[in-house]
2 protein chains.
Amino acid sequence: MVEEAIRELNYIPNSAARILASSASHIVAVIIPSLSATVYAQEVHHIVRVLEERSFSVVIGHSDYSEIREQRLVQSFLERRPDGFILTGTQHTDLTRQLLKNSGVPVVETFDGDNAAMDMSVGFSNFEAGRKVAELFRSRGLTRIAYVGGRSEQDFRSNARFEGLSARLAEDGLTPVARIELTLPMPAGDGVRGLDRVLATDPLTQAIFFSADTLAISALLECNRRGLRVPEQLAICGFGNYDFADAIVPSLTTVAVPFEEVGVLAANAILARLDGTAQGSSRKVIPLQLLRRASA
Amino acid sequence: MVEEAIRELNYIPNSAARILASSASHIVAVIIPSLSATVYAQEVHHIVRVLEERSFSVVIGHSDYSEIREQRLVQSFLERRPDGFILTGTQHTDLTRQLLKNSGVPVVETFDGDNAAMDMSVGFSNFEAGRKVAELFRSRGLTRIAYVGGRSEQDFRSNARFEGLSARLAEDGLTPVARIELTLPMPAGDGVRGLDRVLATDPLTQAIFFSADTLAISALLECNRRGLRVPEQLAICGFGNYDFADAIVPSLTTVAVPFEEVGVLAANAILARLDGTAQGSSRKVIPLQLLRRASA
DNA sequence: TTGTAAGCGTTATCAT
DNA sequence: ATGATAACGCTTACAA
């Protein structure tokens, strides 16, 4: 009895046994391209925040922008019998889809509102983002417009933004003067390389849409250094609305990425499915906001 | 036989059963204050990278800069019988220490090379960082020096930097003219608030050491905006060496935080213990580098 | 209500 | 080597 109480004091239940007996792991697996990209780190932050509250554990994996690595992670995580999966994007190997489907685990795909998801999805339209930026450039009367983003085989969401940009330009009979593809992951400094490659392709470029604020900010600061006036000589638009986007001079025009909302809604989608509050597939597309500031 | 092969094809082992039978979870639990702070997100990135390679899963939790929340996470994670724990800092509740000690799990405490760790530690001396910055300011002949950091009950590593700064100043018979304590987490914009509070306390302040580059950068950009010349009228030093620290004008003098090294070494410390390659406690203190740039 | 026993899917042990 | 069997520590269904 006393022994009972003492044992009680230090008693730590073994979740492996619980999982085995109840087949509920209270684990949610999250796979993102990389934690070193702000947008995904922020998303995961909010996923963890929401799930911790409900005493779910989050296990995390890096796909490194590779479908095959993502697949390996899915296989490995599946062994843990997670109660939910949160993936990035809608591009996956067939085996990934099949494994996930067979497992019956709730799956949320994030950051891609353009394509059909296998189960649930929470994201925004990258295509629309590209359109909006093109619209802004066009409203300023600009015609020589370039794009800098990740390599097209790697960065599908960046592709969609480029497509949106192109589509809007096409309406005015225009095509992008340059499309620069950088290998992922892209450190901030790559913005300068992107800038250089754009200018090498077309020295008369009037505007650049960068696929990430980190790139845009470093390019913008480089323009300042070179005495290239922004936006008069070169308009710059970013994507993400990261720290300092509005603090640098000139302030960065950019598309605000709702990473907090994505994270929270993705976590809630899993929880709702587990609670039985929601069933069946769902698709949440969050409207995007273009923040018109000084750089474009 | 054919059935065997087919079953084989879709066979997914159940790790709960494996853990129960073998008492090896292949899980490492990582607790950081918050994923929204770059330095921790980066650290975790490298931890995950290293551990994924060895097919360990990482479960992650946010202490939110609270010891009691950290304790709750430890209790909860302990149920999963992780093969290792990576914590942030050396400040923990007694129960946290006791639970961890009783569990026998390898523990690495990170980012604090100043204090004794319960098991293993990988970090750097925050005290030394403060000293180095003070040394720099003094070498420029500055005397009216202020500090901006997190609230002292929350941010123990920031405290150590302040102590180091103070200690060096004391050698010259000086004391900081202001110490501003901000509530964590500190969004970048808080740098401006910190700047304002410093100047309200002592308008003649000559130098400020910010406990994070985010704060320093936003303060520096605000100085530019106000026409306050950096470093002539106000020297600014940051901590972290984040993106853009060297790209803004004037470039930010800062202490480089070796988050990659911390992450890699912390993960390796756990692995070495599990492999039997290393035993007993260890303490790795990574030397710090002060990057002298234009702002101080 | 309280208690007992079966079963979850592995690993590990011990015979064969 | 190969195969049967006992844990592992919980949940749950069923009895009492």
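This report concerns the structure included in the present document.

The rules we used
- Residues numbered from 1 in each chain as written.
- Chains lettered and ligands numbered in written order.
- Predicted model: local features only at pLDDT ≥ 70, side-chain atom pairs only at ≥ 80, totals over all residues.
- Heavy atoms only, no water.
- Contact = heavy atoms within 4.5 Å.
- Buried area = accessible area lost by both parts, 1.4 Å probe.
- Salt bridge = Lys/Arg side-chain N within 4 Å of Asp/Glu carboxyl O.
- Polar contact = N/O pair within 3.5 Å; in protein donor to acceptor, adjacent residues only side chain to side chain.
- Pairing = 2+ DSSP bridges.
- Helix = DSSP H or I, 4+ residues; strand = E, 2+ residues; numbered from the N terminus.
- Axes fitted to C-alpha atoms, helices over the stretch in contact; angles between N-to-C directions.
- Expected span 1.5 Å × (residues − 1).
- Buried < 20%, exposed > 50% of the residue type's maximum accessible area, 1.4 Å probe, protein only.
- Near = heavy atom within 4 Å.
- Nonpolar A, V, L, I, M, F, W, Y, C, P; charged D, E, K, R; others polar.
- Least-squares fit on C-alpha atoms with pLDDT ≥ 70 in both.
- Core = buried A, V, L, I, M, F, W, Y, C linked by side-chain atoms within 4.5 Å.

## Some details on the interface of chain A and chain B
Each side of the interface is counted separately: chain A has 48 residues, and chain B has 48 residues. In total, about 4,200 Å² of surface goes out of reach between chain A and chain B, with carbon and sulfur atoms giving 58% of it. The three residues of chain A that bury the most area against chain B are Ile12, Arg80 and Phe244 of chain A, which together make up 16% of that side's buried surface. Taken together, the connections running from chain A to chain B amount to four salt bridges. Here Arg69 of chain B makes a salt bridge to Glu52 of chain A, at a shortest N to O gap of 3.7 Å. Applying the counting rule to chain A against chain B returns 20 residue pairs in polar contact (both at pLDDT 80 or more).

## Comments concerning the sheet that holds strand E10 (residues 253-256) of chain A
Consider a sheet: its strands pair through backbone hydrogen bonds, and that pairing is either parallel or antiparallel. Residue and element names in this part refer to chain A. The strand order across the open sheet formed by six strands is E7-E6-E8-E9-E10-E12, and the pairing between neighbours is mixed. At either end of the open sheet lies a strand with only one pairing partner, and these are strand E7 (178-182) and strand E12 (289-291). Going from strand to strand, the sheet's axes swing by 20° on average, the running direction of each strand aside. Across four bridges, the pairing between strand E9 (residues 235-240) and E10 is parallel. Opposite Cys237, over in E10, you have Thr253 as the bridge partner. Lying on the sheet, helix H7 (residues 156-171) is in contact with strand E6 (145-150), E7, strand E8 (207-210) and E9; it crosses E6 at an angle near 165°.

## Some points on helix H7 (residues 156-171) of chain B
Residue and element names in this part refer to chain B. Taking 1.5 Å as the rise per residue, H7 with 16 residues should run 22 Å; its terminal C-alpha atoms sit 23 Å apart, in good agreement. Within H7, the full set of buried residues consists of Arg157, Ser158, Asn159, Ala160, Arg161, Phe162, Gly164, Leu165, Ser166, Arg168 and Leu169. A positive backbone phi angle near 70° is found at Gly173, which sits one or two residues after H7.

## Examining the protein's contact with DNA strand D
The environment of DNA strand D is made up of Tyr11, Ile12, Pro13, Asn14, Ala17, Arg18, Ala21 and Ser22 of chain A together with Leu20 and Ala21 of chain B. Here DNA strand D approaches the protein such that, of its atoms within 4 Å, sugar and phosphate make up 79%. Interatomic distance of 3.1 Å between a side-chain N/O atom of Tyr11 of chain A and a phosphate oxygen of DNA strand D. For the surface near DNA strand D, the elements supplying multiple residues, two or more each, are helix H2 (15-22) of chain A together with helix H2 (15-22) of chain B. Residues belonging to the surface near DNA strand D are distributed by class as follows: seven nonpolar, two polar and one charged.

## A short note on the side chain of Asp190 of chain A
Residue position: Asp190 of chain A is located in helix H8 (residues 190-201). The contacts of Asp190 of chain A, once residues within four sequence positions are left out, are Leu182, Thr183 and Leu215 of chain A.

## Some words on the relation of the copies chain A and chain B
Superposing chain A onto chain B requires a rotation of 180° together with a translation of 0.0 Å along the rotation axis, leaving an RMSD of 0.0 Å. Taken together, the rotation angle and the small translation identify this as a two-fold axis. Of the interface residues in chain A, 100% have counterparts in chain B that sit at the interface too, so the contact is made through matching surfaces.

## Brief notes about the sheet that holds strand E5 (residues 120-123) of chain B
Here 12 strands make up an open sheet; going across it, the order is E11(A)-E5(A)-E4(A)-E3(A)-E1(A)-E2(A)-E2(B)-E1(B)-E3(B)-E4(B)-E5(B)-E11(B) and the pairing mixed. The sheet is open, and its two edges are formed by strand E11 (282-285) of chain A together with strand E11 (282-285) of chain B, each paired on a single side. Adjacent strand axes in the sheet meet at a mean angle of 20°, parallel and antiparallel pairs treated alike. Pairing of strand E3 (residues 84-88) of chain B with strand E4 (residues 107-110) of chain B, which is carried by four bridges, proceeds in the parallel orientation. Bridge pairing in E4 of chain B links Leu87 of chain B to Glu109 of chain B. Of the strands in this sheet, strand E2 (57-62) of chain A together with strand E1 (27-32), strand E2 (57-62), E3 and E4 of chain B are in contact with helix H3 (residues 38-53) of chain B, which crosses E2 of chain A at around 75°.

## Remarks on the environment of Pro185 of chain A
Residues and elements named next belong to chain A. Mapped onto the elements of the fold, Pro185 is located in the loop between E7 and H8. Note on Pro185: relative accessible area 48%, which makes it partly exposed. C-alpha separation for the pair Pro185 and Arg69, spaced 116 residues apart in sequence, amounts to 15 Å.

## Brief notes about the pattern of salt bridges
Across all of its chains, the model carries 36 salt bridges over all chains by this definition. Linking Glu222 of chain B and Arg225 of chain B is a salt bridge whose minimum nitrogen-to-oxygen distance equals 2.3 Å. Of this pair, Glu222 of chain B and Arg225 of chain B are both found in helix H9 (residues 213-226), three residues apart, which corresponds to roughly one turn of the helix. Note on Glu222 of chain B: relative accessible area 14%, which makes it buried. Between Arg226 of chain B and Glu222 of chain B there is a salt bridge, and its shortest N-O distance comes to 2.8 Å. With a gap of four residues between them, Arg226 of chain B and Glu222 of chain B both fall in helix H9, about one helical turn apart. Using a relative accessible area of 40% as the deciding quantity, one classes Arg226 of chain B as partly exposed. Each of the salt bridges in this network shares a partner with another, and the network as a whole consists of Arg131, Glu135, Arg138, Arg168, Glu171 and Asp172 of chain A.

## A few points about the protein's contact with DNA strand C
Surveying the vicinity of DNA strand C reveals the residues Leu20 and Ala21 of chain A together with Tyr11, Ile12, Pro13, Asn14, Ala17, Arg18, Ala21 and Ser22 of chain B. Near the protein, meaning within 4 Å, the atoms of DNA strand C are sugar or phosphate in a fraction of 78%, with bases accounting for the rest. Within the side chain of Tyr11 of chain B, an N or O atom sits 3.0 Å from a phosphate oxygen of DNA strand C. Taking Ala17 of chain B, its main chain carries an N or O atom lying 3.4 Å from a base nitrogen of DNA strand C. For the surface near DNA strand C, the elements supplying multiple residues, two or more each, are H2 of chain A together with H2 of chain B. Ranked by the residues each element gives to the surface near DNA strand C, the list is headed by H2 of chain B, at four residues. Partitioning the surface near DNA strand C into residue classes produces seven nonpolar, two polar and one charged.

## Quick notes on the nonpolar core
In this structure, Phe137 and Ile236 of chain A together with Phe137 and Ile236 of chain B are the most contacted members of the largest nonpolar core, which totals 166 residues. Dropping the residues within four chain positions of it, Ile236 of chain A is found in contact with Ile208, Phe210, Ala216, Ala219, Leu220, Cys223, Val230, Leu252, Thr253, Ser295 and Ala296 of chain A.

## A closer look at unusual backbone geometry
Here the bond from Val249 of chain A into Pro250 of chain A is cis, since omega is -5°, no more than 30 degrees from zero. Note that Pro250 of chain A resides in the loop between E9 and E10. Of note, the phi angle at Asn241 of chain A is positive, near 55°, even though the residue is not glycine. Even without being a glycine, Ser55 of chain B presents a positive backbone phi close to 50°. Within the fold, Ser55 of chain B resides in the loop between H3 and E2.

By themselves, these are just geometric observations and shouldn't be taken as functional.
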